[in-house]
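Secondary and tertiary structure notes
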Amino acid sequence: MTVTSTTPFGGIKTEVVIRKYGLLQPTNWAEDCESEMRLMDDLWNKLVYINDEYISKYISLMCQEKNFSEAKSQYDNSVAASAAVSDIASSKRRLAIIQKDVARRMADALRALETSRREEVKVARQESGLWWGNYNALVRSFERARSAAIRGGQTMHRRSGGGDGRITNTLQGGAAVEALFDGSLSQIMVRPISARAWLSEIRGERRRLQRTFLSATVFVRDGERRTVTWPMIMHRPIPANCRVKEVIITRRRHGNSWRWAASFICTQQADRAVPEPTGAKRIAIDVGWRRVPDGLRVATVVISGQSPSFIVLPASMLESFSLIDELRSRLQASNRLGIEMLQSANLGSFAQPFQDLLRDFQSISEKRPVDLAKFCESDFFLLQARENVGMDLWAWRKGHKRLTEWLRNHHRKTVGHRNHFYQNKIIEALDQASEVIVNDVKVGEIAARRTSRSESPFVPNRVGHYRRIAAPSELIRALKLQAEKRKIAFNKLEAESPVRCPTCGSLSRKTRADALPQVCANCDSSFDQDVVACESLLSPAPTARTTRSVKARSAAATT
């Protein structure tokens, strides 16, 4: 996998290149390495505790202002009372405005509070007992997650100690790719492999030669370096002109085993701008979901000088998403059945400590699906024989787990197929393109809109259902990514709405405004309004309300 981004450094534009390879089980992993992983979990949990204390002090400080305290109470009460979405959004906006004003007036006190938090983080890092490469990477990861949580209004969570984690080797100043193989690096070494591992015409020979070994430092204690070796499948080379900055080894639990992977973070000088290909054309894309006989149209593509084309999700894919809805309904029914069976179960039928586990579950006033899922994985089912649990409960849990796995796997595969379908269609559309212009429709604002007479959504439920299938944000994300990879300019323009008749320019219609085919009331011309919207974006002076340009970076982004 390669992900690149351009950053100016020393006046020279560089790009980040990531190569990710699969690892097999390590040959000499031992308890001392597990101890290092546990220490990382302990440091993370300590950072969560420090952050929770900081948030508590921050809120106490801000609540000294009466306006903020009242606005926060109003927002918390509206959320707790499950008020209307518009009321919650209104109180949240008011709270944000007051918070910004109060924070500006309390800048000195808040700055001192943040300085105190950073000092506590520094002390926790130094007392963690971790190797510097691991604790620096963990703190950086925590700070990124903390920033994202603050922006999203979320909280940081503790790690449960399941064993997932990563080992980070930072090569200060970077190292040449050749140094990975010649043994000159003390932290990292890869056993040399033949160039035929990627050049041989025989697949079996390539796969055999791509097998190598990676040796990496897990920690250094008392001056002794602990190195672990993993068999590695190096299925593609690292560009020779790169400098390796970091090597990250990750471990994730998969069932009863571990999955290992190694990511090589490298930098290289960005290529010069690629000249525009001969015959390159501008492309306009209007993203919007429409049910058509052969599937779901999700985008209209118009290339200057060519006939329009459409990106249409096939009917078979819609059937796959319908199955997801059906499985969710069945799972909800299974949840209700399981809660009823467990609530009515006789406590005296079970021995200790299983009786206490069931009593704790029955004492929950409002049982949620997540509560049921946790109970299904508790010792109540795992440590009791089938006969002791009861045949009915045991059969329900077995069917419930099967249904849950079916839904999870089918959802993952269906979404993956849709995203792969988008990627292929976008690659085909961007062939020989010089610029991509996307109609900047505010889909999220439309979906959040409410009617004036009630709190029902402005967008009908069926339209919202198709929107979730189409996932327009995923299509635009893939489009932008492929445009950056090919160094194609990516722009967003908001086309005029409603569109004008391409023949006479009239806005009068004989058809409904939301209909796909339109008939002009002035000249009786028929036209597709999505196609006309794209054509207006390609015109020399498009009739657009606002313009927002996102220029493609000069470096490629490849996955």
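First, a word on what this report is: a plain description of the structure on this page.

**Notes on the overall build of the protein chain**
When helices and strands are tallied, the protein chain shows 18 helices and 16 strands. Across the 559 residues of the protein chain, 40% fall into the buried class. For the protein chain, long-range pairs separated by at least 24 residues make up 66% of all intrachain contacts whose partners lie at least 6 apart in sequence. Of the roughly 31,600 Å² that the protein chain leaves accessible, carbon and sulfur atoms contribute 52%.

**Quick notes on the pattern of salt bridges**
Under the counting rule described, the total for this entry stands at 27 salt bridges. Of the charged contacts, one joins arginine 500 and glutamate 496 as a salt bridge, the two residues approaching to 3.4 Å between their closest N and O atoms. Its relative accessible area of 22% is what places glutamate 496 among the partly exposed residues.

**Quick word on unusual backbone geometry**
At the junction of glutamine 352 and proline 353, the peptide bond is cis and its omega measures out at 0° in the coordinates. You can see proline 353 is positioned in the loop between α9 (315–343) and α10 (354–362). Here the phi dihedral of lysine 487 falls at roughly 60°; this positive angle occurs in a residue that is not glycine. Topologically, lysine 487 is positioned in the loop between α17 (472–485) and β13 (489–495).

**Considerations on empty space enclosed by the protein**
In total, this model carries one cavity of 30 Å³ or more according to the counting rule given. Computed from the structure, the largest cavity encloses a volume of approximately 60 Å³. Within the residue set of the lining of the largest cavity, elements represented by two or more residues are α1 (31–62) and α4 (107–126). Looking at the lining of the largest cavity residue by residue, the classes come out as three nonpolar, one polar and four charged.

Conventions we followed
- Residues numbered from 1 in each chain as written.
- Predicted model: local features only at pLDDT ≥ 70, side-chain atom pairs only at ≥ 80, totals over all residues.
- Heavy atoms only, no water.
- Helix = DSSP H or I, 4+ residues; strand = E, 2+ residues; numbered from the N terminus.
- Buried < 20%, exposed > 50% of the residue type's maximum accessible area, 1.4 Å probe, protein only.
- Contact = heavy atoms within 4.5 Å.
- Areas by Shrake-Rupley, 256 points an atom, 1.4 Å probe, with all protein chains shown as cover.
- Salt bridge = Lys/Arg side-chain N within 4 Å of Asp/Glu carboxyl O.
- 1 Å grid on protein atoms, 1.4 Å probe; cavity = no way out; pocket = protein on both sides within 12 Å on 5 of 7 lines; lining within 4 Å.
- Points joined across faces, edges and corners; volume = space filled by probe spheres on them.
- Nonpolar A, V, L, I, M, F, W, Y, C, P; charged D, E, K, R; others polar.

Shape descriptors only; they carry no functional weight alone.
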